[in-house]
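Listed below are the residues making up each chain.
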Amino acid sequence: MPKTIDPYGAELPEDYTKVIKDFGLEEFKVEAFPSPNRLMRRGVIFSGRDLKRISDCIKDKKPFYVLSGIMPTNDKIHFGNKQVVENIRYFQEQGATAYILIADLEAAAARGVTLEEGKKRALEFHIPAYIALGLHPEKTIFYFQSENKDVVHMAYEFAQKITLNEFKAIYGSADPGRIMSAVTQVGDILYPQLATRMPGIIPVGIDQDPHIRLTRDIVNRTKAKKFVPPSSIYHKYTPSLNGELKMSKSMPESCIVLPEDIKTATKKIKRALTGGRETVDIQKEKGGEPEKCMVFELDKQHLIEDDKELQDIYDRCKKGDLLCGECKDIACQKMEEFMTHLEKGIEKARKQVDKLNFVKFS
Ligand code: SF4
């Protein structure tokens, strides 16, 4: 039995190869995708489902969509959201139509956020933040879950197609709120195909795979084959700065949120677990271990775009030419540039929100 990785935990899979095997995923082959982004080039994207269907759409210039959701529960997001946005942007550039749903119904059910408050937060913060992180506003269709009756109808329809035991096998446990949330997500994932049947790709962390599996199971059971089963792409977690778990807001000392005050972010980076040796002399002699270093992981996943610059840090660390103090200073500098850019981008995007393409429901 594969270990249950679910959307509600903060566990870091130790061995991603095992995750691929246990969950029946495909390994991500970077050469199948043109102009791969940083996350793809560096192995942060490690697997997916039905990826050929999407690479064929790109190659043959056929229509497909990319979809993700925003849960407007508070005024911060995290690096996992950044990874998702970067992948949406990638597929937008490769011809996909992007859908962003605001999961205000789920935020109300799971966290007690009123629909009004969820809408306000999404418009004032989450959507501008996604645009600041790279989402292409003109090529994106937005909607609020609470306004989309089609999704609600689909959720009711799909709820009849699963049994409690099947649900438990996928999610590990079942309670009424979790079931409602999951079938609503199935409705969201398939919504773009109501008008036109076409492939779609859902970029997520591996913890969200149960939603993909449930959707694919339901589609495969629908005899009319009304929908194409969704493809998916999975990114590795950005680990917590203490190296133990995925970055989670439940561990504020080891998690950098977006946006974060730069002084606080700097302090966290300075305390991060590194691959440095016991003493400076030993490190100069033996070199550091960037493979075990959370600062290097942050550079690799988020802070350094240029592959040569990243390779230079790796090489100098391995040779003992670069010490952790200097290396952390470089990361702090990059983080400051990133946060400044993000905050300015959010401010700018806030002014564009009323021009965005929201689905109008009668
Ligand atoms: Fe990590 Fe940099 Fe220290 Fe190497 S020099 S172990 S990459 S902090």
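Since this is a predicted model, take the numbers as computed values, not measurements.

When two helices pack together, their arrangement is given by the angle between their axes and by how far apart the axes lie. The N-to-C vectors of helix α11 (residues 262-270) and helix α15 (residues 324-350) enclose an angle of 155°; their axes lie 10 Å apart at closest approach. In terms of axis orientation, α11 runs roughly antiparallel to α15. Judged by the sense of rotation from one axis to the other, the crossing of α11 with α15 is right-handed. Of α15, the residues touching α11 (which contributes I262, A265, T266, I269 and K270) are K328, D329, A331, C332, M335 and E336. Of the residues that constitute the contact of α11 with α15, the class distribution is 6 nonpolar, 1 polar and 4 charged.

Let us look at the sheet that holds strand β7 (residues 231-235). Strands sit in the order β1-β2-β7-β6-β3-β4-β5-β8 across an open sheet of 8 strands; the sheet is mixed. Both outer strands of the open sheet, β1 (26-27) and β8 (357-358), are each paired with one neighbouring strand and no more. Across 2 bridges, the pairing between strand β5 (residues 140-144) and β8 is parallel. By the bridge assignment, I141 is partnered in β8 with N357. Of the strands in this sheet, β3 (65-70), β4 (97-102), β5 and β6 (200-205) touch helix α9 (residues 176-190), which is tilted by about 145° from β3.

Quick notes on the rules
- Residues numbered from 1 in each chain as written.
- Predicted model: local features only at pLDDT ≥ 70, side-chain atom pairs only at ≥ 80, totals over all residues.
- Heavy atoms only, no water.
- Axes fitted to C-alpha atoms, helices over the stretch in contact; angles between N-to-C directions.
- Helix = DSSP H or I, 4+ residues; strand = E, 2+ residues; numbered from the N terminus.
- Parallel < 35°, antiparallel > 145°, perpendicular 65-115°, else oblique.
- Left-handed = near helix turned anticlockwise from the far one by under 90°.
- Contact = heavy atoms within 4.5 Å.
- Nonpolar A, V, L, I, M, F, W, Y, C, P; charged D, E, K, R; others polar.
- Pairing = 2+ DSSP bridges.

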